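In case you want the letters, here they are:
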Amino acid sequence: MHEGHRQRMRERLADHAASLTDHELLEVMLFEVISRRDTNPVAHRLLDSFCDLNGVLSAPPRLLCTVAGIGPRAAEFLFLKGNVLRRMGERAPRPRPRLYSFADTRTFAEERFAGAEGEKLEAYFTDGDGYVLCIKSVQGRGTDRVVLSEREFGFILSELKPAGVILAHNHPSGEAQPSAEDDASVAAVGKLCRMHGASLQDSLILAEKDIFSYYGSGRLVRR
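Remember, it's a predicted structure, so these values are computed and weren't measured experimentally. (Residues numbered from 1 in each chain as written. Predicted model: local features only at pLDDT ≥ 70, side-chain atom pairs only at ≥ 80, totals over all residues. Heavy atoms only, no water.)

In this section: the confidence of the model for the protein chain. Do not read the predicted coordinates in detail wherever pLDDT is low. For the protein chain, mean pLDDT is 89; residues scoring 70 or higher make up 96% of the total. Within the protein chain, the lowest mean pLDDT, 78, falls on helix H1 (residues 2-16), and the highest, 96, falls on strand S4 (residues 199-206). (pLDDT = per-residue confidence, 0-100. Helix = DSSP H or I, 4+ residues; strand = E, 2+ residues; numbered from the N terminus.)

Below, the discussion takes up the environment of Ala-168. Inspection of the secondary structure assignment puts Ala-168 in strand S3 (residues 164-170). Ala-168 gets classed as buried once you look at its relative accessible area, which sits at 0%. Along the backbone, Ala-168 and Phe-212 are 44 residues apart, and their C-alpha atoms lie at a distance of 9.7 Å. The residues contacting Ala-168, other than those within four sequence positions of it, are Ala-109, Phe-113, Lys-120, Leu-121, Glu-122, Tyr-124, Leu-204 and Leu-206. (Buried < 20%, exposed > 50% of the residue type's maximum accessible area, 1.4 Å probe, protein only. Contact = heavy atoms within 4.5 Å.)

Approximately 350 Å³ is the volume attributed to the largest pocket. Leu-121, Leu-148, Leu-167, Ser-185 and Val-189 are the residues nearest the centre of the largest pocket, which is lined by 20 residues in total. Mapped by element, the contributors of at least two residues to the lining of the largest pocket are strand S1 (120-126), helix H8 (150-160), S3 and helix H9 (180-195). For the lining of the largest pocket, the leading source of residues is H9, giving six residues. Here the lining of the largest pocket is composed, by residue class, of 11 nonpolar, four polar and five charged. Quantified by volume, the second largest pocket comes out at close to 310 Å³. Every residue lining the second largest pocket is counted, 19 residues in all, and those nearest its centre are Leu-99, Tyr-100, Ile-166, Gln-201 and Arg-222. For the lining of the second largest pocket, the secondary structure elements donating two or more residues are helix H7 (102-113), S3 and S4. When grouped by side-chain class, the residues that make up the lining of the second largest pocket number six nonpolar, nine polar and four charged. (1 Å grid on protein atoms, 1.4 Å probe; cavity = no way out; pocket = protein on both sides within 12 Å on 5 of 7 lines; lining within 4 Å. Points joined across faces, edges and corners; volume = space filled by probe spheres on them. Nonpolar A, V, L, I, M, F, W, Y, C, P; charged D, E, K, R; others polar.)

Once that is clear, we can look at the packing of aromatic side chains. The relation between two aromatic rings is expressed through the spacing of the ring centres and the mutual angle of the planes. Applying the stated criterion to the full structure yields three aromatic pairs. With a centroid separation of 5.1 Å and an interplanar angle of 75 degrees, the aromatic rings of Phe-108 and Tyr-124 are classed as edge-to-face. Within this pair, whereas Phe-108 is found in helix H7, its partner Tyr-124 is found in strand S1, the two being separated by 16 residues in sequence. Of the two residues, Phe-108 and Tyr-124, neither departs from the other in class, the shared state being buried. Taking the ring centre of Phe-113 as reference, the NZ or CZ of Lys-120 above it sits at 5.0 Å. (Phe/Tyr/Trp six-rings, centres within 6.5 Å; stacked < 30°, edge-to-face > 60°. Lys NZ or Arg CZ within 6 Å of the ring centre and 35° of its normal.)

What follows is the structure in structure tokens.
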């Protein structure tokens, strides 16, 4: 019974996290350190003892251990979570890269590909203002060709729902001109993006002293 309940709670967390109450968030959090036991009553006791989530996650481990159902491992886990959150709150978030123009994108890609050994492929998922939401990077060995599976790429698109996608990969041979395989890959990615309501903004090929842009060359039409 507990396993079925835990699975349902995990699904709610993944799909509707904002709808979870404080005690439900604590309940799911405790899944990681309390196995084969109902964590719902423990979550309620924690909130009753320390008033709210902030109180629970600020309490020292020895004090947390005074709550029935909380042992040293669970207390340490909660204390660690609280410290991580406080550390994050103390630091201003780093501004996200913005790939608004070809110059922005070129500089960003060149910095990320500097010193790359062998072939490397990256996909930059952006919002409507060009800010990077996520980066997917695939590193090959030697001169092996690298690819991003359509299944994984589609999954990222469905979860992230970006407005735009930019591809970048290097040619260790030193020639930035696209191959027939590159053309086929760009076409496939463009189709997949359209299926998920995203626009393939560009695909760059970086060589030692050159860079090729599908959009800049007129071989890619944004939709």
